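Fold and contact review
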Amino acid sequence: MKNTPLLEDLRLFCLVAQKTSFAATALELGISKAVVSKRIGMLEAAMQARLLHRTTRRVSVTDHGEIVRQWALRILEDVEQMGEAVAQSKLQPRGVLRICSSSGFGRNRLGPALSQLARQYPELKIQLELLDRPVDLLGEGFDLDIRVGVVHEPDLIAHRIAGNSRVLCAAPAYLAQHGTPSTLAQLRDHHCIVIRERDQDGQRWKLQGPQGLETVKVDGPLSANNGEIVHQWALDGHGIILRSAWDVNSSLARGHLVRILPAYRQAADVWAVTTSRLSNSAKVRVCVQFLQQWLQARDA
């Protein structure tokens, strides 16, 4: 190939191939038939191949021309999508943004983050609902579900916005009375405070440890569907909890809770879950990117 073909020549060639006529193409574009013929000739020279069979009545695409036509359609579509992506990135997020999350994470982390997001983008109308149950994004009209843990639904798109893990801990008073477990299996003999948030199996704790992924079935006299209540019960000395590091780090730092079995943890990253790709919505894309930066800055 002598020269790189111009995009406008590729676009013109595709139209000629569709119309099967120089005259019809010239009429649609408002140019002369001679200009159409000249531009096609330049494209053929650049490709070093005959792209069209010409007769007095019509033109048809050659084998080489069909290869060029197929590639040209792809190239032109990519260029169009590139322009749309750039235009979309310039849009200021606006309109209603409906977000849901669990109560504990929503109050302690998401609420303060969205307060800053609202200051930065005043044309956004943010609606936050805290729900300790599974959520149907489409059916309930939510744009985003900010959740902690694994995303199981194959039809949803999940964007990781922060690293996190769940750890085992208990109050010093509980450990003084009941002893400190030295193996994962010993948790069966302890009071474990079970949380049933969303669709989690609260009584079957799966943790990553020295032997890989292990599972232990736990039980205890107390359970709840709210993480903040479970945290408080642990502080009150009622038993052992498996809670996110972001939730218990301050209690651990002050000595109000003690980490047990530190070799074990449960992966519980924070995800922004949506039904569509971020490129389809400026408000969703901006919110996810903002939350990623905000959470990472505070967990650094």
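Use the structure listed above.
**Here's the deal with the packing of helix α2 (residues 22-29) against helix α3 (residues 33-47)**
Relative to each other, α2 and α3 sit at 110°, their axes nearing to 8 Å. Judged by the angle between their axes, α2 and α3 are roughly perpendicular. The chirality of how α2 crosses α3 is right-handed. Every residue of α3 that contacts α2 at F22, A23, T25 and A26 is listed here: K33, V36, S37 and I40.

**As for a nonpolar patch on the surface**
Together, L7, I67, W71 and I75 line one region of the surface with nonpolar side chains, adding up to about 370 Å² of accessible area. Turning to its location among the elements, I75 is positioned in helix α4 (residues 63-89). A relative accessible area of 34% places I75 in the partly exposed class.

**Quick word on the nonpolar core**
Membership of the largest hydrophobic core comes to 26 residues, with the highest contact counts inside it found for I146 and L291. Only β3 (95-101), α5 (103-120), β5 (144-148), β6 (157-162), β15 (270-274) and α10 (282-299) provide two or more residues apiece to this core. When residues in this core are grouped by element, the largest group, eight residues, is from α10. Setting aside its immediate chain neighbours within four residues, I146 contacts I99, C100, S101, S102, F105, L110, I161, V270, W271, A272 and L291.

**Some remarks on the environment of P172**
Relative to the helices and strands, P172 resides in helix α7 (residues 172-178). Accessibility expressed as a relative area gives 38% for P172, which makes it partly exposed. The spacing of P172 and H190 is 18 residues in sequence and 14 Å in space, taken between C-alpha atoms. Excluding its chain neighbours within four sequence positions, the residues that come into contact with P172 are G255, H256, L257 and V258.

**Concerning the sheet that holds β6**
Reading across from one edge, β4-β3-β5-β15-β6 is the order of the five strands in this open sheet, with mixed pairing throughout. The open sheet has two edge strands with one neighbour each: β4 (124-130) and β6. Taking each pair of neighbouring strands and ignoring which way they run, the sheet shows an average axis angle of 25°. Pairing analysis gives three bridges linking β3 to β5, with the strands arranged parallel. Across the sheet, S101 pairs through a bridge with I146, a residue of β5. Most of the contacts of α5 go to β4, to which it runs at about 175°, and overall it touches β3, β4, β5 and β15.

Conventions adopted
Residues numbered from 1 in each chain as written. Predicted model: local features only at pLDDT ≥ 70, side-chain atom pairs only at ≥ 80, totals over all residues. Heavy atoms only, no water. Axes fitted to C-alpha atoms, helices over the stretch in contact; angles between N-to-C directions. Helix = DSSP H or I, 4+ residues; strand = E, 2+ residues; numbered from the N terminus. Parallel < 35°, antiparallel > 145°, perpendicular 65-115°, else oblique. Left-handed = near helix turned anticlockwise from the far one by under 90°. Contact = heavy atoms within 4.5 Å. Patch = residues over 30% accessible without salt bridge, like charges linked within 9 Å, V, L, I, M, F, W, Y side chains within 5 Å. Areas by Shrake-Rupley, 256 points an atom, 1.4 Å probe, with all protein chains shown as cover. Salt bridge = Lys/Arg side-chain N within 4 Å of Asp/Glu carboxyl O. Buried < 20%, exposed > 50% of the residue type's maximum accessible area, 1.4 Å probe, protein only. Core = buried A, V, L, I, M, F, W, Y, C linked by side-chain atoms within 4.5 Å. Pairing = 2+ DSSP bridges.

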